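# Examining the three-dimensional arrangement
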Amino acid sequence: MLRGIDVSAYQSSSYDTSGLSFAFIKATEGRSYVNPHATAQAKTARDAGLVVGFYHFLWPGHLTAQAEHFVTAAPSRAGDILAVDWETTGEGTHASNAEKDTFIKKVKHLRPHHRVVLYANRDFWLTVDTTSYAGDGLWIADYVTAGKPRIKAKWLFHQYTSEPHDKDVAAFASKAALKDWADGA
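The structure displayed is predicted, hence computed values, not measured ones.

## Remarks on the pattern of salt bridges
Enumeration according to the criterion identifies nine salt bridges in this entry. Its salt-bridge partner being Asp 80, residue Arg 46 comes within 2.7 Å of it at the nearest N-O pair. Within this pair, whereas Arg 46 is found in helix 1 (residues 38-47), its partner Asp 80 is found in the loop between helix 2 (63-73) and strand 5 (81-85), the two being separated by 34 residues in sequence. Residue class for Asp 80 comes out buried when judged on its relative accessible area of 4%. Asp 101 serves as the salt-bridge partner of Lys 100, at 2.7 Å between the closest nitrogen and oxygen. Its relative accessible area of 0% is what places Lys 100 among the buried residues.

Here it is, written out as structure tokens:
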């Protein structure tokens, strides 16, 4: 299993990359929020030779505007992975299954040469999701042993803890295999 991290504006731009193969960075949320540290956080990952991904926290409604905001604001490059973070918002709402699916497809249309994956926690995947559509792959959050999420679906990334920060593993044989997959969109 490859080790990785995901960071947002709450983390330093100079986080520890030792032992890591990839990093996901929160880029945007809704139609207006942009992580002010995303570019610096991506530089830290790139300087360490990590595979880089960016994610968007999805809100209900205005899907085209959100997708355009994400792909415009995320400092992505060819070979970077794009992800949609689908969970409950701070207002207690969440995008519907149809909205989640539409958003993934819209991002894929806007950035056809990028892999686009779905991030969801185990509860969302098992009780809210009805379509099982995850774009190019599933990134599942389940705080259990790394690499052993409690789902039957095939997953590519597993967030297994948030202590002291979000840590992940990836189901790839090597960093080169992950990079080849990311580059092959």
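So, next bit.
## Observations regarding helix 2
Among the residues making up helix 2, those that are buried are Leu 63, Gln 66, Ala 67, His 69, Phe 70 and Val 71. On its buried side, helix 2 packs onto strand 2 (22-29), strand 3 (33-34), strand 4 (51-57), strand 5 and helix 3 (97-110).

## Notes on helix 5 (residues 175-183)
Considered for burial, the residues of helix 5 that qualify are Leu 178, Trp 181 and Ala 182. Each buried residue of helix 5 sits inside an arc of 100° when the element is viewed along its axis, so together they form one side. With respect to the buried face of helix 5, the exposed residues turned more than 90 degrees away are Ala 176 and Asp 180. Summarising the contacts, the buried residues of helix 5 are in contact with strand 1 (2-7), strand 2, strand 4, strand 5, strand 6 (115-121) and strand 8 (157-161).

## Considerations on the pairing of strand 1
Of all six residues in strand 1, five are buried; the element is thus mostly enclosed. Note: strand 1 against strand 9 (residues 167-170), four bridges, orientation antiparallel. Bridging across to strand 9, Leu 2 finds its partner in Ala 170. Pairing of strand 1 with strand 2 involves four bridges; the strand directions are parallel. Bridge assignment links Gly 4 to a residue of strand 2, and that residue is Phe 22.

What counts, and where the lines are drawn
- Residues numbered from 1 in each chain as written.
- Predicted model: local features only at pLDDT ≥ 70, side-chain atom pairs only at ≥ 80, totals over all residues.
- Heavy atoms only, no water.
- Salt bridge = Lys/Arg side-chain N within 4 Å of Asp/Glu carboxyl O.
- Helix = DSSP H or I, 4+ residues; strand = E, 2+ residues; numbered from the N terminus.
- Buried < 20%, exposed > 50% of the residue type's maximum accessible area, 1.4 Å probe, protein only.
- Contact = heavy atoms within 4.5 Å.
- Arc of directions from axis to C-beta.
- Pairing = 2+ DSSP bridges.

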